[in-house]
Amino acid sequence: MSLRLIQVTLPADREVSAELGELAEEVTILGVWDDLRDESLKIVQFAVETDASEELMDRLEDRFGSADGFRLSLLPLEASLPRLGDDEDSAEDDEEESSGGSGRISREELYEDVGGGLGLSRTYLALAGLSTVVAGVGLLRGDLAVVIGAMVIAPLLRPNIALALAATLGDGELALRSLKTNAGGLAISFPLALALGWLVEVDPAVSTLASRTSIDLGDLALALAAGAAGTLAFTRGLSSAVIGVMVAVALLPPLVVGGILLGAGHLRGATGALLLTAGNVVCVNLSAVATFWLQRVRPRRWWEAERARRSTLVAAAVWILLLVTLVLIVYLGGEFSLETAP
């Protein structure tokens, strides 16, 4: 089972000890250890299952957040000997918990995983530019392996997942950072793709280019499923699984194809590629918002919860409206492709 270690610094008095005893009866805690830091403070460590960490952190902050010296830290607990909860009934307990528990990491841990690295840093801008060049060369050569490599290093998925998390939590500051990061990646990638299309000879019939100049319902379904899978991986702390989603949803290649074809003067194909890019972005954000909501990712305080509910509804309505527009374009025969180009 996945475990977390919650370490909290608290006043070293009997009243706090009594409240900790009451807390242990309210939340399932696998182990508790405490150590005096000095005469006035002590450090208490709680071992809990991952899906119980958010509740315990909320309760600790509610009860002791205003206490002098309060500090709470969350750490992954890889292993413990003797094994926590290792008794004759542990197998039955694990089966019951796996059927009823969410398995989701805490709100704070999710916030750090998704939003912690946002920003127009030199590393982010360098990765956006380099992945664009790698993708452009691979697309022009028809080398799928190179294109896949560009998908893996492209940093475009995380800002979109962060935007969905911001909508779910009603966090305007996180939403602004997500939008700035997305805009920064676009400002680097698209002009570079335009320059590539203008500087080199482009054959629009190359399979890696032609396959990304149209959008159909299958593309939308793929993006919806990949966005949900990526979000689920984030909520479970499975960062390695996100790489596969980055390859599946392919936000960067159609954007680069659109820039290359536009730079080379192939307007119809560029329109189709950019429409495919927009469809991927819409579907990723819509499925991410839905997945966060289904995983019960909520703010801690009740007044924040109401704001988050409104934000989630507005975001879902906007993304659904855009998705319906895309579906209508496809359904009414408005599919853009090189095959229909004049």
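See the structure printed just above.
Residues numbered from 1 in each chain as written. Predicted model: local features only at pLDDT ≥ 70, side-chain atom pairs only at ≥ 80, totals over all residues. Heavy atoms only, no water.

## Some points on the nonpolar core
Then step 1. Core analysis: the biggest nonpolar cluster contains 54 residues, and Leu110, Val114, Ile161, Leu165, Leu252, Val256 and Phe292 have the highest contact counts within it.
Then step 2. With eleven residues, the single largest contributor to this core is helix H13 (residues 267-294).
Then step 3. In contact with Leu110, not counting residues within four places along its chain, are Ile105, Gly115, Leu165, Phe234, Thr235, Phe292 and Val297.
Then step 4. By size, the runner-up hydrophobic cluster in this structure holds 16 residues, among which are Leu20, Val48, Leu56 and Leu60. (Core = buried A, V, L, I, M, F, W, Y, C linked by side-chain atoms within 4.5 Å. Buried < 20%, exposed > 50% of the residue type's maximum accessible area, 1.4 Å probe, protein only. Helix = DSSP H or I, 4+ residues; strand = E, 2+ residues; numbered from the N terminus. Contact = heavy atoms within 4.5 Å.)

## With respect to the environment of Arg4
Then step 1. Assignment of secondary structure puts Arg4 in strand E1 (residues 3-11).
Then step 2. Arg4 sits in the buried class, given a relative accessible area of 9%.
Then step 3. Put simply, Arg4 and Asp51 are 47 residues apart on the chain and 9.0 Å apart in space, counted from C-alpha to C-alpha.
Then step 4. Those residues in contact with Arg4, other than ones at most four positions away along the chain, are Phe46, Ala47, Val48, Thr50, Ser53, Leu74, Leu75, Pro76, Leu77, Ile105 and Glu109.
Then step 5. There is a polar contact of 3.5 Å between the side chain of Arg4 and the side chain of Thr50.
Then step 6. For Arg4, the side chain forms a polar contact with the side chain of Glu109, separated by 2.9 Å. (Polar contact = N/O pair within 3.5 Å; in protein donor to acceptor, adjacent residues only side chain to side chain.)

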